[in-house]
Amino acid sequence: MASVSLESETFKKFADVAGRDNDVNYLNHDHSITSWLFTLDHKRIGLLYLVTITLMFLLGGALAGAIRLELLTPKGDFLTADTYNKAFTAHGIIMLFFFLIPSIPAVLGNFLVPLMIGAKDVAFPRLNLFSYYLYFAGSVIALTALLLGGVDTGWTFYTPFSSTYSNSYVIVMAVGLFVVGFSSILTGLNFIITVHRMRCPGLTWFRLPLFIWGIYATSVVQLLGTPVIAVTLGLLGVERTLGVGIFDPRLGGDPILFQHLFWFYSHPAVYIMILPSLGVASEVIATFSRKNVFGYHIIAFSSIAIAVFGFIVWAHHMFTTGMSPYAAMVFSLLTFSVAIPSGIKVFSWLATMYGGSISFDTPMIYIFGFLGLFTIGGMTGLFLSTLGTDIHLHDTYFIVAHFHYIMVGGAVLGYMAGLHYWWPKITGRLYSEFWGKLSAGITFIGFNFTFFPQFILGYLGMPRRYYEYPDEFQVLNVFSSAGATILAIGYLMPLVYMPYSFFFGEKANSNPYGGSTLEWTNTTSPPSPHNFEKTPVVTEEPYHYHGKEAAVVSH
Amino acid sequence: MATTEHSTHQPAPLSLYLATFGMLMFLTILTIFAGFQNFGMWSTPIALGIAGVKAALVVVIFMHGYSSSPLTWVIILASMFFMTIMLGLMLSDYMSRGWAM
């Protein structure tokens, strides 16, 4: 296909700079714009996702800034009540559906799954590109809903407000989420089949890197859970437009049914966000501790266990809705079970580090932050799965703090760790370790300043989703807003030094951190268009550092 | 395994698809008819039963379940298992809720 018609100087320069030290790699083998927009290369599709989700992250972050600015004072003096509702709704929808869910699976998963299993591409490259364009179309539709005037239901779309009373653009937003949901389903389907059918010779299931186990478990959740939210949003649209009674009690429906269906997907969606991060943590900790992963099998199975348990705990979001107290007791007990595989992972990582030759490079600093914040997020989840304390804490800032410790402390820091860890592989360049470590530290400090006060605010009874609050809550809210400023700096720094490194950074060798998995040992940095010169043959476990601890790798 | 799967897959005659389509239409009409009858507590089980038969026809005939590999059936049964979890745990709420309050 002649695809050089749209070749531009900018793209040519971009590709030339990226690959100036390698003969041919996936960045420089074709310079045209069409070669990017119609690429079937999983690595380029991963980069398309990277650019798009970063833009969505900036938008979601700006909305968070507006929320924190409003909450700086007890009175509503920056946003109106209605605008505030729309701001936190848009923040939640963008960050969850358009940044967190596609972050690690679509960016790092796309780039790394074939490389880590010794394949030339994913099982269905065209479907992979189609998934990206579904994501893009869903994003455009959702942004259209925001530009038209936004949605004020909260990201949870609870009925009957969303189906009957809200005067905002619920249907348009639901269509956007419906479309982006299919992107998620198809990506999950692609990865499951890729892992099943395209592993290179010798790569048995228990020789798979733990990142692949994490992505595989995530894909199962995406495949089984996402259709439910698609159908649920469809039912919401049917009730809102045609007046068919499904969730509205006046029409014979049940609003709690919406919550059951919504959370059947949206609780496992938390694991779509966090499971890949757990996979990144296993990779980074093994590499930077120069140790074989402690309890490889149990970590692999705990990923599957989290995916399965994630499907049987959803109603812990609904303890105060009027659902049956007997069913609530069952869900409370089941929710505690999720702590077991999560705890197994954390203890296994600690045991992996114990006695290791730990190096404090940027990815590891991010993972240290991840470990602490994810643990706090998980432990506070146990407070909320306890029926009695949940009655007090439900819909307060305690909840907001808890899920941000999981989703930012866990998922985002894991994503940042992974992005830094594999950046030399993706770009062939090394970023500045100084700026990397500084951004990791600032992010950690800013995050805790932002969200720890919210635990106290919630415990003291400040409800979420209000734009005004009593005066006595102001000090902690000022802490939180100040922390958000620090956090924003931590987030923005990588947006400067990482692109800078792409153009001007020191050249990375094929394995700058001494990783032991296939993407490090068998490909160049950046990889060639078809990944491997010849199909690798795997003869040993993924982490084989015994006797190599002393071999400090310089980069 | 792929060879085995292909070798067991026989293209179904067009008449089978047409007959299945006819059966689905008949069951749809039956659903509507049943919806206007008062079966008391059996209304929902009857409606779900008809829907289950329709879904089975689609999976077995239209989605070629009848000639698929055992692995495909594992996927089909696993999906049904997850749906059972969803409906079962949801019903644990509805069947034990204090409706009289």
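Computed from a prediction, not measured in an experiment: that's the story for all the values here.

Procedures and definitions
- Residues numbered from 1 in each chain as written.
- Chains lettered and ligands numbered in written order.
- Predicted model: local features only at pLDDT ≥ 70, side-chain atom pairs only at ≥ 80, totals over all residues.
- Heavy atoms only, no water.
- Helix = DSSP H or I, 4+ residues; strand = E, 2+ residues; numbered from the N terminus.
- Buried < 20%, exposed > 50% of the residue type's maximum accessible area, 1.4 Å probe, protein only.
- Domains from an automatic or database assignment.
- Contact = heavy atoms within 4.5 Å.
- Buried area = accessible area lost by both parts, 1.4 Å probe.
- Salt bridge = Lys/Arg side-chain N within 4 Å of Asp/Glu carboxyl O.
- Nonpolar A, V, L, I, M, F, W, Y, C, P; charged D, E, K, R; others polar.
- Axes fitted to C-alpha atoms, helices over the stretch in contact; angles between N-to-C directions.
- Parallel < 35°, antiparallel > 145°, perpendicular 65-115°, else oblique.
- Left-handed = near helix turned anticlockwise from the far one by under 90°.
- Polar contact = N/O pair within 3.5 Å; in protein donor to acceptor, adjacent residues only side chain to side chain.

Residues and elements named next belong to chain A. Inspection of the secondary structure puts glutamate 472 in the loop between helix 15 (433–460) and helix 16 (474–504). Given a relative accessible area of 63%, glutamate 472 falls into the exposed group. Counting along the chain gives 15 residues from glutamate 472 to leucine 457, while the straight-line C-alpha distance between them is 9.9 Å.

All names here are of chain B. Taken domain by domain, chain B holds domain 1 (2–68) and domain 2 (70–101). Opposite the four residues of domain 1 that make contact, domain 2 presents four residues. Carbon and sulfur atoms supply 66% of the area buried between domain 1 and domain 2, which totals about 330 Å² over both sides. Per-residue buried area on domain 1 facing domain 2 is highest for Val59, Gly65 and Ser68; these three make up 82% of the total on that side. Inspection of the domain 1/domain 2 interface yields zero salt bridges. Considered class by class, the residues forming the side of domain 1 that touches domain 2 number two nonpolar, two polar and no charged.

The subject of this paragraph is the packing of helix 11 (residues 325–353) of chain A against helix 12 (residues 362–385) of chain A. Residues and elements named next belong to chain A. Interaxial distance between helix 11 and helix 12 falls to 10 Å at its minimum, and their mutual angle equals 155°. Taken together, the axis directions place helix 11 and helix 12 in an arrangement best described as roughly antiparallel. Relative to helix 12, the crossing made by helix 11 is left-handed. Facing helix 11, whose interface residues are Ser332, Thr335, Phe336, Ala339, Ser342, Val346, Trp349 and Met353, helix 12 presents Met364, Phe368, Phe370, Leu371, Phe374, Thr375, Leu382 and Ser385.

With that settled, consider the interface of chain A and chain B. Taken together, the contact pairs 19 residues of chain A with twelve residues of chain B. For the pairing of chain A and chain B, the buried interface totals around 1,400 Å² over both sides, and the portion due to carbon and sulfur atoms is 74%. Applying the counting rule to chain A against chain B returns one salt bridge. Note that arginine 97 of chain B and aspartate 254 of chain A form a salt bridge whose closest N and O atoms lie 3.7 Å from each other. In this structure, the connection of chain A to chain B is made through five residue pairs in polar contact (both at pLDDT 80 or more). Every element with two or more residues in the side of chain A that touches chain B is listed here: helix 8 (210–242), helix 9 (255–289) and helix 11 of chain A.

This part covers unusual backbone geometry. All names here are of chain A. Look at the link from threonine 159 to proline 160: it is a cis peptide, with omega at 0°. Among the structural elements, proline 160 can be located in the loop between helix 5 (125–148) and helix 6 (161–165). Cis geometry marks the peptide bond from serine 525 to proline 526, where omega comes out at -5°. Position of proline 526 among the secondary structure elements: in the segment after helix 17 (518–521).

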